[in-house]
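So the chains spell out like this:
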Amino acid sequence: LEAVSVSLRLGVNIWICMALGLVAGLKTVDFVINFIIRRRTNKFIKSFADAIDLMVRGIKSGLPITQSIMSISHEIDGPVGEEFGKIADSVKLGTDLTDALWDRANKLDIPEMKFFCIALSIQRETGGNLSETLGNLSGILRKRKQMHLKIKAMSSEAKASAIIIGSLPFVMYLILKLMNPEYIDVLLNDPRGVKLV
């Protein structure tokens, strides 16, 4: 219906309007879904190191790993609590802890969660101090997050410079157009100005 309306108003072929509308609709849905996924992933990464620290404290106080995972699902809000709640539910239903962890890690597809699964898998096979292993992992994840923020800060300076330098000719054109229109109109009216543009 919108395609017919646009086609009648602009005098464009209806099939072109329908094709453009379909592409715009699909791209909008794709953009919105990717935005929601990125936001949820960022929330997960933001509180994941805190969840591991909570697990370390639980293990040090004598709780088994499954009980520590359940405490994360109750104590931490957001995506981390939800995902660890799903892991705890899978373990309650009889799934092996490693399988439940890898199932969630593959569905989330977040490197930090895969690091966690690898650390737990290696520790279960080789033994050792689980709280120390998870504490080291938490430190690595925090350093990784700090490095990511540092890279973002450094690249944002370059992006701002690029935006300023890229927009400078257009801004100067507008300023000259407001101050002295006859001077700048040569760029658009004279053939030599058009060649320069």
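Predicted model only: the values in this text are computed from it and were never measured.

## Considering the nonpolar core
Item 1. Counting residues in each nonpolar core, the largest one holds 31 residues, and the members touching the most others are Phe48, Met55, Ile65, Phe84, Met113, Phe116 and Leu134.
Item 2. Residue assignment for this core shows that the elements contributing at least two residues are helix 2 (14-60), helix 3 (65-75), helix 4 (79-92), helix 5 (97-108), helix 6 (111-126) and helix 7 (130-179).
Item 3. It is helix 2 that contributes the most residues to this core, 8 residues altogether.
Item 4. Sequence-distant contacts of methionine 55, that is, excluding residues within four places in its chain, are made with Ile65, Ser68, Ile69, Ile72, Phe84, Phe116 and Leu134.

## With respect to helix 5
Item 1. Look at helix 5: 16 Å from first C-alpha to last across 12 residues, which is about the 16 Å you get at 1.5 Å a residue.
Item 2. Where helix 5 is concerned, the buried positions are Leu97, Thr98, Ala100, Leu101, Arg104, Ala105 and Leu108. When helix 5 is viewed along its axis, its buried side chains cluster within an angular range of 165° and face the same direction. Every exposed residue of helix 5 that faces more than 90 degrees away from the buried side is listed here: Asn106 and Lys107.
Item 3. As for helix 5, its buried residues are in contact with helix 2, helix 3, helix 4 and helix 6.

## Structural notes on the side chain of serine 47
Item 1. Mapped onto the elements of the fold, serine 47 is located in helix 2.
Item 2. The class of serine 47 is buried, set by a relative accessible area of 16%.

## Digging into unusual backbone geometry
Item 1. Non-glycine residue aspartate 109 carries a positive phi angle of around 55°.
Item 2. Tracing the backbone through its elements, the reader meets aspartate 109 in the loop between helix 5 and helix 6.
Item 3. With a relative accessible area of 53%, aspartate 109 lands in the exposed category.

Conventions we followed
- Residues numbered from 1 in each chain as written.
- Predicted model: local features only at pLDDT ≥ 70, side-chain atom pairs only at ≥ 80, totals over all residues.
- Heavy atoms only, no water.
- Core = buried A, V, L, I, M, F, W, Y, C linked by side-chain atoms within 4.5 Å.
- Buried < 20%, exposed > 50% of the residue type's maximum accessible area, 1.4 Å probe, protein only.
- Helix = DSSP H or I, 4+ residues; strand = E, 2+ residues; numbered from the N terminus.
- Contact = heavy atoms within 4.5 Å.
- Expected span 1.5 Å × (residues − 1).
- Arc of directions from axis to C-beta.

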